[in-house]
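One-letter residues, chain by chain:
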Amino acid sequence: MTSSSPDRPNLKPLRATFGAIAIRVRPLVLRLGLTMIASALASSPVPAIASVTSPASDPQPVRANTGMVTAAHPLASQAGVRILQAGGHAIDAAIATALAISVLEPYSAGIGGGGFLLIYDADTREIRSLDFRERAPIAATSEMYLDADGVPTTDSRSGHRAVAVPGTVAGLYEAHQRYGQLPWAEVVQPAIELAATGFEVGDRWVQSLNWRASTLLSNPAARAVFSREGTGETPQLYGLGDRFIQSDLAATLRRLAVDPEDFYHGQTAAAIVADMAANGGLMTQADLEQYEPIWRDPVCGLFQPQRANPEQFRVCAMAPPSSGGVHLLQMLTLLEPFDLAHQSATQQQHLLIEAMKIAYADRAYYLGDPDFVAVPVAELVSSAYLDRRRADIEPDRARSAAEVQAADPALLRRITMESRDTSHLSVVDGNRNAVSLTFTVNGGFGAGIVAAGTGIVLNNEMDDFSIAPGVPNLYGLIGGAANAIAARKTPLSSMTPTIVTDTDANLRLVVGSPGGSTIITTVVQILLNALVYDQNVATAIAAPRLHHQWQPDSLRLEANFDPAIVRDLQALGHSLVTGGQWGNASAIEVIPANATQGSEPFTDYLEGATDPRGQGLTQGF
Ligand code: DON
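Every value quoted in this text rests on a predicted model; they were computed, and no experiment measured them.

Rules of the game
- Residues numbered from 1 in each chain as written.
- Predicted model: local features only at pLDDT ≥ 70, side-chain atom pairs only at ≥ 80, totals over all residues.
- Heavy atoms only, no water.
- Helix = DSSP H or I, 4+ residues; strand = E, 2+ residues; numbered from the N terminus.
- Polar contact = N/O pair within 3.5 Å; in protein donor to acceptor, adjacent residues only side chain to side chain.
- Contact = heavy atoms within 4.5 Å.
- Pairing = 2+ DSSP bridges.
- Axes fitted to C-alpha atoms, helices over the stretch in contact; angles between N-to-C directions.
- Core = buried A, V, L, I, M, F, W, Y, C linked by side-chain atoms within 4.5 Å.
- Buried < 20%, exposed > 50% of the residue type's maximum accessible area, 1.4 Å probe, protein only.
- Left-handed = near helix turned anticlockwise from the far one by under 90°.
- Nonpolar A, V, L, I, M, F, W, Y, C, P; charged D, E, K, R; others polar.

A few words now on unusual backbone geometry. Cis geometry marks the peptide bond from proline 320 to proline 321, where omega comes out at 20°. Among the secondary structure elements, proline 321 is positioned in the loop between strand E9 (313–317) and helix H13 (324–335). Here glutamine 551 and proline 552 are connected by a cis peptide whose omega angle stands at 0°. Residue placement: proline 552 occurs in the loop between strand E16 (546–547) and strand E17 (555–557).

Pasting the structure below:
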């Protein structure tokens, strides 16, 4: 396990705008008032600060002065806070939280998977990002999931052939080596305890298990872990309230606490490789040995919402091989000039949907692993390009997916400047270092298999490649050559860990979410809610979501969307499906010291929230 040499993020000189002047006046009464006015005017053409949230709810964030962790499971947040309180850096807490999630939520993310993190370093005021996403095994080929007739098989989703080389351990260790302040073994310890002494499983855990039960039960190693009778004749899955102890995983974590290289070179590696060889998997010892996490420049852009009290933000998110950052910035830039806060709620959503279609059309064509294909990132996020694309948006009509194609490469060339699965966690420490980390095993319980003897649930990240042109992945996303399978290539992701600063590089917001293809649109809606509509993070996260990913040409709206807006969107020609919910976002906002509340000055403090759609916890101190 080695890592490439870190590159400094290519930060452009920051343009100071507001310096030390007061920038935020957001007393509670104002928020309540706006929400109520907004909903009264929801379908009115009268300009108003509008909202899609129901007036009944005004969720409040958790507040804390020193440090905070948000994660998808309460015990994981507590593990992170314990590390912060022991004097750990944000990265120490993020690692402890991520490893705890690996134990607590084997269906969402873990050491058998991979992910991305952004880190804000309070000393240098720089944001760097680490790619610890899985890579295709050396033996992978572009047509490996097509049968003799060229028909896609299901091998990319379940079983040993679906597994890409995991990066979580290498990535977390690399980040620790750069930034960690507490000993590695100390940050691994909470996860060891959770695996060894167990925890009570909740409804979310049980639902996830039942959903993937048939696959898990058909793999003897997974069956031994997830059924109480283990390998017995009539397996009985763990149920609500049962204590779930993972002895093999605890032993694996103990080895990793002593030597994280064990995952790639030692006993753990040998067990994974043997399991692969015995079951037709592609991953070999060479794959594990050659795994490298990669420091990459995040993709950053300035965003200036049109508001009475204008403030410019610098939004940084994950660059390729995640598509998240590129398309987050595309959507924000497309929307920036529209003065959203003074549009009707329907118009706000319509413009957002049209921006989503443009972004996801480009995703399908251009995005892939930048170490294998040239991804025109600068061009795709450039104003010159997006100004052209924005001009195509029609304010009073939904364009069909057929009308919205990926950018003409010639146009780009001319512009020369230029759920349940997956888990996000956010950490801010007392020095205002921050980590935004999203990681995954992809689909629920990944490939549905456990590497025998390790307790490790292995990912099915290979399904994030484009299996063949136009063949949708688990999330209905299609892609082309840019995201075709190749040896050692990284499958394209939508994970969007994001950090926002002001233009003086002061930390302002840490945010992210799971949700497959919906991750990017979830993050963009949270950012719009917080930065444009001035909602606190709890309200911004709780607000009903919509999603359009260009193909399929269908707008998805969560069940609790305001019916008046739904009706109006239909009238504009959007073909829509309502129902369900997605994402499990969390965020921490720094309320700056130079904000004012009445005439009372105060030091900065933190407001954090997890998603009401999930069962996470925000804990601060
Ligand atoms: O990297 C990606 O985009 C996907 N593998 C993430 C999967 C995910 O978020 C599943 N969550 N519901």
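Read on, since the account is not over.
Note that serine 156 resides in the loop between strand E4 (126–132) and helix H4 (168–179). Among the polar contacts listed, one links the side chain of serine 156 to the side chain of aspartate 463, at a separation of 2.6 Å. The residues touching serine 156, leaving out its near neighbours within four places in the chain, are Tyr145, Ala162, Asn460, Met462, Asp463 and Ile467.

Read from one edge to the other, the open sheet built from seven strands follows the order E1-E20-E19-E15-E14-E9-E8, with strand pairing classed as antiparallel. Looking at strand neighbours, the two that pair on one side only are strand E1 (62–64) and strand E8 (299–303), the edges of this open sheet. The average angle at which neighbouring strand axes cross in this sheet is 20°, direction not considered. Running at roughly 15° to E8, H13 makes contact with E8, E9 and strand E14 (498–502) of the sheet. Running over the sheet, helix H18 (residues 519–532) touches E8, E9, E14 and strand E15 (507–512) and is turned about 150° from E15.

Take the sheet that holds strand E7 (residues 294–296) next. Strand order in the open sheet made by the seven strands is E7-E4-E3-E11-E10-E2-E21, with antiparallel pairing throughout. Strands at the two margins of the open sheet, each flanked by one partner only, are E7 and strand E21 (617–620). Strand-to-strand, the axes of this sheet are offset by a mean angle of 15°, without reference to chain direction. Judged from the seven bridges that link them, strand E3 (residues 114–121) and strand E11 (residues 434–440) form a sheet pairing that is antiparallel.

The subject of this paragraph is the nonpolar core. Of all hydrophobic cores here, the largest spans 91 residues; its most connected members are Leu328, Leu527 and Leu528. Take this core: its biggest share by element is 12 residues, from helix H14 (residues 345–366). Excluding residues that lie within four positions of it along the chain, leucine 528 makes contacts with Phe303, Leu332, Leu335, Leu340, Leu352 and Tyr533. Formed by 86 residues, the second largest nonpolar core is a distinct cluster that contains Ala79, Ala191, Val201 and Trp295.

A word on the environment of aspartate 369. By the secondary structure assignment, aspartate 369 is in the loop between H14 and helix H15 (377–380). Given the relative accessible area of 1%, aspartate 369 is considered buried. Taking C-alpha positions, aspartate 369 is 8.0 Å from serine 322, a pair spaced 47 residues apart along the chain. Side-chain polar atoms of aspartate 369 contact the backbone nitrogen of threonine 490, separated by 2.8 Å.

Between H14 and H18, the shortest axis-to-axis distance is 11 Å and the interhelical angle comes to 140°. Here H14 and H18 pass one another in a crossing that is right-handed. In contact with Leu352, Met356, Tyr360 and Arg363 of H14, H18 contributes Ile520, Thr521, Val524, Gln525 and Leu528. The residue inventory of the contact of H14 with H18, partitioned by class, reads six nonpolar, two polar and one charged.

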